[in-house]
Amino acid sequence: MYQEMYTHLFNAMTDALEALAAHNYGQAETLLRQAQLWAEERYLEEKPTP
């Protein structure tokens, strides 16, 4: 699970940095927010319940 989350977040950050370099701040924000939500959903799906 964590390897998949890491890879997804790393790729999203790379894409966001490219968007920032192109002065596309809205796209960068969208990419980061989408990645954050994706990772949170995956974490909650896999988190064992006590």
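Above this text you will find the structure in question.
Being a predicted model, the structure only gives us computed values, none of them experimental. (Residues numbered from 1 in each chain as written. Predicted model: local features only at pLDDT ≥ 70, side-chain atom pairs only at ≥ 80, totals over all residues. Heavy atoms only, no water.)

Below, the discussion takes up the pattern of salt bridges. Under the defined criterion, the tally for this structure stands at 2 salt bridges. Between Arg 33 and Glu 29 there is a salt bridge, with the nearest N and O atoms lying 2.8 Å from each other. Of this pair, Arg 33 and Glu 29 both sit in helix 2 (residues 25-46), 4 residues apart, which is roughly one turn of the helix. Judged by relative accessible area, Arg 33 falls into the partly exposed class, the value being 49%. The partly exposed category is assigned to Glu 29, whose relative accessible area is 41%. Arg 42 serves as the salt-bridge partner of Glu 41, at 3.7 Å between the closest nitrogen and oxygen. In this structure Glu 41 comes out as partly exposed when scored by relative accessible area, which is 44%. The class of Arg 42 is partly exposed, set by a relative accessible area of 24%. (Salt bridge = Lys/Arg side-chain N within 4 Å of Asp/Glu carboxyl O. Helix = DSSP H or I, 4+ residues; strand = E, 2+ residues; numbered from the N terminus. Buried < 20%, exposed > 50% of the residue type's maximum accessible area, 1.4 Å probe, protein only.)

As enumerated under the stated definition, the model contains 1 aromatic pair in all. Measuring from ring centre to ring centre gives 6.0 Å for Tyr 6 and Phe 10, while their planes differ by 25 degrees; the resulting arrangement is stacked. One end of the pair is Tyr 6 and the other is Phe 10, both in helix 1 (residues 2-21) and 4 residues apart, which spans about a single turn. A relative accessible area of 55% means that Tyr 6 is categorised as exposed. (Phe/Tyr/Trp six-rings, centres within 6.5 Å; stacked < 30°, edge-to-face > 60°.)

As a further point, take a nonpolar patch on the surface. On the surface, Met 1, Tyr 2, Tyr 43 and Leu 44 cluster together to form a nonpolar patch covering roughly 420 Å² of accessible area. Among the structural elements, Tyr 43 can be located in helix 2. (Patch = residues over 30% accessible without salt bridge, like charges linked within 9 Å, V, L, I, M, F, W, Y side chains within 5 Å. Areas by Shrake-Rupley, 256 points an atom, 1.4 Å probe, with all protein chains shown as cover.)

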